[in-house]
Amino acid sequence: MTPTDLIEILEKHQSWLSNDPRGTRANFTLQDLYCSSLKGVRLKGAKMAGTNLANCNLAHADLRECDLYGASLAEADLRMARLNDSDMRGVILRGANLTGAVLAGVDMREGALLKADRKKGIELVRLDYAALSVERADFSGANLAGARLSNSAIIQSDLSHAKLRGANLSGANLRKSNLSGADLTDANLENTDLSGANLAGANLRGATLKNANLTNAILRGAELEEAALDGAILDGAELLRRGSDLPSSFRNIIRNHERWIETNGRQGERADLSNADMRAVDLTNVNLSGADLSDSVMVGAVLSGAKFVMSDMHGADMSKADLAGADLKGANLTYAKFRLASLKRASLGPAELHDSKTNLGARNWPTNMAGADLTGADLTGADFSHAVTKDLVLIDAIFDHTSFTDTDIARLADAAD
């Protein structure tokens, strides 16, 4: 295509955009525009399927609602370009500069082209995917389902509510990007850098996050059921989930347990949450008294005001959990972990048991904390009266008005005096 032809098509397209009957919609389908200077050009709605736009200067260009299916934008300058709602399925973006570009609502799923060749006839062209490098780009609401973007750098970009189901983002750099509300179901995020990223409300069901860096990431309200988090770095991550965000099966267990308590076991069912993953869940004021929570994981959970009277919490991990004001009287806490947890004003004294069938009076059942690890825990105002404290680990724990009345610890302290 000659420069004169290009200019004529662009002029007619401007007229078409102005609803001038003399105008014609630009059609560059399968044309070679390699290295063309198209800075600031208005090509909204143009047909450019399979067009070679490699190394083109398209900075500040208006490419909204364009058909760019299978086009090559390799090494193109797309800084501040507007590509809203364009069909970019199978587009080659290797080395393209998309800094500040707007790609809201684009469709970037996989694609393939049928290309006519005089010698080969109709040829199916599999499109070449390579790492994408963008910064501060707007992909909000974009359809990137199944996109192959491994090792891409999409830094500080807006991917909110983007469709990334089944996308391959392994090894990608998504640092400080906004992925809130994005659909990342079954996505591959292995070894991906998501540090400082916003994943609030994102659907990560079945996603692979092995060895991903989620340092300081926001995961509040994110769906993580069946997600693989092996080796993921979660330092400083905000993972808090509301109880209503938990799977319905989990909510039903709690609901049936509360009914079991209210009816003294006549209705409902005792909760079996042994080995359950309840990390970073907000269960403020929940009543799980008498439940089986052995070996459960409640790291970073909010359990303030919760009731765990006579519950089996053997081996449970409540590190960094908030148990302020929680009632753990009579619970089995042997070898449980409370590292850096808050147990301010928590009740860990004996549970008072009454036998309705006899008149023998009440019986006190002590809380069993043998072998529990409270390293660095805040025990301000906590009551451990009469608890079993054999081999209790209290390294760097905070004591202020903490009661160990009639425990091995108190007896050791008296002996030392």
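Note that this is a predicted model, so its numbers are computed, not measured.

Peer 1: Please provide a residue-by-residue account of the environment of Lys39, values included.
Peer 2: Of note, Lys39 is situated in the loop between helix 1 (3-17) and strand 1 (112-117). Spatially, the C-alpha atoms of Lys39 and Ala81 are 9.1 Å apart, while their sequence positions differ by 42 residues. Apart from the residues lying within four places of it in its own chain, the contact partners of Lys39 are Asn57 and Ala59.

Peer 1: Account for the environment of Ala101, naming residues and giving values.
Peer 2: Structurally, the position occupied by Ala101 is in the loop between helix 1 and strand 1. Taking C-alpha positions, Ala101 is 7.6 Å from Arg136, a pair spaced 35 residues apart along the chain. Sequence-distant contacts of Ala101, that is, excluding residues within four places in its chain, are made with Leu78, Met80, Ala81, Arg136, Ala137 and Asp138.

Peer 1: Kindly report on helix 2 (residues 248-262), identifying the contributing residues and their values.
Peer 2: Between its first and last C-alpha, helix 2 extends 21 Å over 15 residues, near the 21 Å set by a 1.5 Å rise per residue. Three or more residues of helix 2 are buried, namely Phe250, Ile254 and His257. Around the axis of helix 2, the buried residues are gathered within 60° of arc, so they sit on the same side. Looking one or two places after helix 2, you find Asn264, whose phi comes out positive at around 55°.

Peer 1: Tell me about the pattern of salt bridges, residues and numbers included.
Peer 2: Considering all chains together, one arrives at 13 salt bridges under this definition. Between Arg82 and Asp62 there is a salt bridge; the shortest N-O distance is 3.6 Å. Of this pair, Arg82 sits in the loop between helix 1 and strand 1 while Asp62 sits in the loop between helix 1 and strand 1, placing them 20 residues apart in sequence. Overall, the relative accessible area of 37% leaves Arg82 in the partly exposed class. Take Asp62: its relative accessible area is 4%, and that puts it in the buried class. A salt bridge links Asp87 to Arg89, with the nearest nitrogen and oxygen atoms 2.7 Å apart. Its relative accessible area of 17% is what places Asp87 among the buried residues. A single salt-bridge network, built from bridges that share partners, covers Asp62, Arg64 and Arg82.

Peer 1: I'd love a proper account of the side chain of Thr367, names of residues and values included.
Peer 2: Looking at the element boundaries, Thr367 is found in the loop between strand 8 (363-365) and helix 3 (408-416). Within the local environment of Thr367, its side chain forms a polar contact with the backbone nitrogen of Gly330, the two atoms lying 2.8 Å apart. Look past the residues within four positions of Thr367 in its chain and what remains in contact with it is Leu328, Lys329, Gly330, Ala331, Leu333, Leu348, Gly349, Ala387 and Val388.

Peer 1: Lay out the state of the cysteines in plain terms, naming residues and giving numbers.
Peer 2: Note: disulfide means a covalent bond formed between the sulfur atoms of two cysteine side chains. Scanning the model with the defined rule gives 0 disulfides in all. Distance from the sulfur of Cys35, which forms no disulfide, to the nearest cysteine sulfur (Cys56) is 7.0 Å. Using a relative accessible area of 48% as the deciding quantity, one classes Cys35 as partly exposed.

Peer 1: Run through the nonpolar core, naming residues and quoting values.
Peer 2: Core analysis: the largest hydrophobic core is formed by 72 residues, its most contacted members being Leu78 and Phe139. Look past the residues within four positions of Leu78 in its chain and what remains in contact with it is Leu58, Ala59, Leu63, Leu73, Leu83, Leu93, Ala96, Asn97, Leu98, Thr99 and Ala101. In this structure, Val286, Ala301, Ala372 and Phe384 belong to the second largest nonpolar core, which totals 45 residues.

Peer 1: Talk me through unusual backbone geometry; I want residue IDs and the actual numbers.
Peer 2: Unusually for a residue other than glycine, Cys35 sits at a positive phi of about 65°. Of note, Cys35 is situated in the loop between helix 1 and strand 1. A positive phi angle, close to 55°, is found at Asn264, a residue other than glycine. Looking at the secondary structure, you find Asn264 in the loop between helix 2 and strand 6 (281-282). For Asn264, a relative accessible area of 67% translates into the label exposed.

Peer 1: Give me the lowdown on the packing of aromatic side chains, citing residues and values where you can.
Peer 2: Counted by the stated rule, this structure contains 2 aromatic pairs. Summarising the aromatic geometry, the rings of Phe384 and Phe404 are spaced 4.8 Å apart at their centres and angled 15° between planes, so their arrangement reads as stacked. With Phe384 in the loop between strand 8 and helix 3 and Phe404 in the loop between strand 8 and helix 3, the pair connects residues that are 20 residues apart, well separated along the chain. Neither Phe384 nor Phe404 differs from the other in exposure class; each is buried. Here the aromatic residues Phe384, Phe399 and Phe404 are joined through ring pairs into a cluster of three or more.

Peer 1: Could you give an account of the confidence of the model for the protein, with specific residues and numbers?
Peer 2: This prediction gives the protein a mean pLDDT of 88; 90% of its residues lie at or above 70. The secondary-structure element of the protein with the lowest mean pLDDT is strand 2 (residues 121-126), recorded at 43, while helix 1 shows the highest, at 93. Long-range and interchain partners of residues 112-118, a stretch whose pLDDT sits below 50, account for 21 contacts in this model, where long-range means more than four residues apart. Low confidence marks residues 120-129, where pLDDT is under 50. Its contacts with residues over four positions away, or in another chain, come to 29 contacts.

Peer 1: Describe helix 1, and please don't skip the residues or the numbers.
Peer 2: Between its first and last C-alpha atoms helix 1 spans 21 Å; for 15 residues at 1.5 Å apiece the expected length is 21 Å, and the two agree. Every buried residue of helix 1 is listed here: Leu6, Leu10 and His13. The buried residues of helix 1 all sit within an arc of 60° when viewed along its axis, so they share a single face. Residues of helix 1 that are exposed and point over 90 degrees away from its buried face: Thr4 and Glu11. One or two steps after helix 1, the chain reaches Asn19, where phi turns positive at roughly 65°.

Rules used throughout
Residues numbered from 1 in each chain as written. Predicted model: local features only at pLDDT ≥ 70, side-chain atom pairs only at ≥ 80, totals over all residues. Heavy atoms only, no water. Helix = DSSP H or I, 4+ residues; strand = E, 2+ residues; numbered from the N terminus. Contact = heavy atoms within 4.5 Å. Expected span 1.5 Å × (residues − 1). Buried < 20%, exposed > 50% of the residue type's maximum accessible area, 1.4 Å probe, protein only. Arc of directions from axis to C-beta. Salt bridge = Lys/Arg side-chain N within 4 Å of Asp/Glu carboxyl O. Polar contact = N/O pair within 3.5 Å; in protein donor to acceptor, adjacent residues only side chain to side chain. Disulfide = S-S within 2.5 Å. Core = buried A, V, L, I, M, F, W, Y, C linked by side-chain atoms within 4.5 Å. Phe/Tyr/Trp six-rings, centres within 6.5 Å; stacked < 30°, edge-to-face > 60°. pLDDT = per-residue confidence, 0-100.

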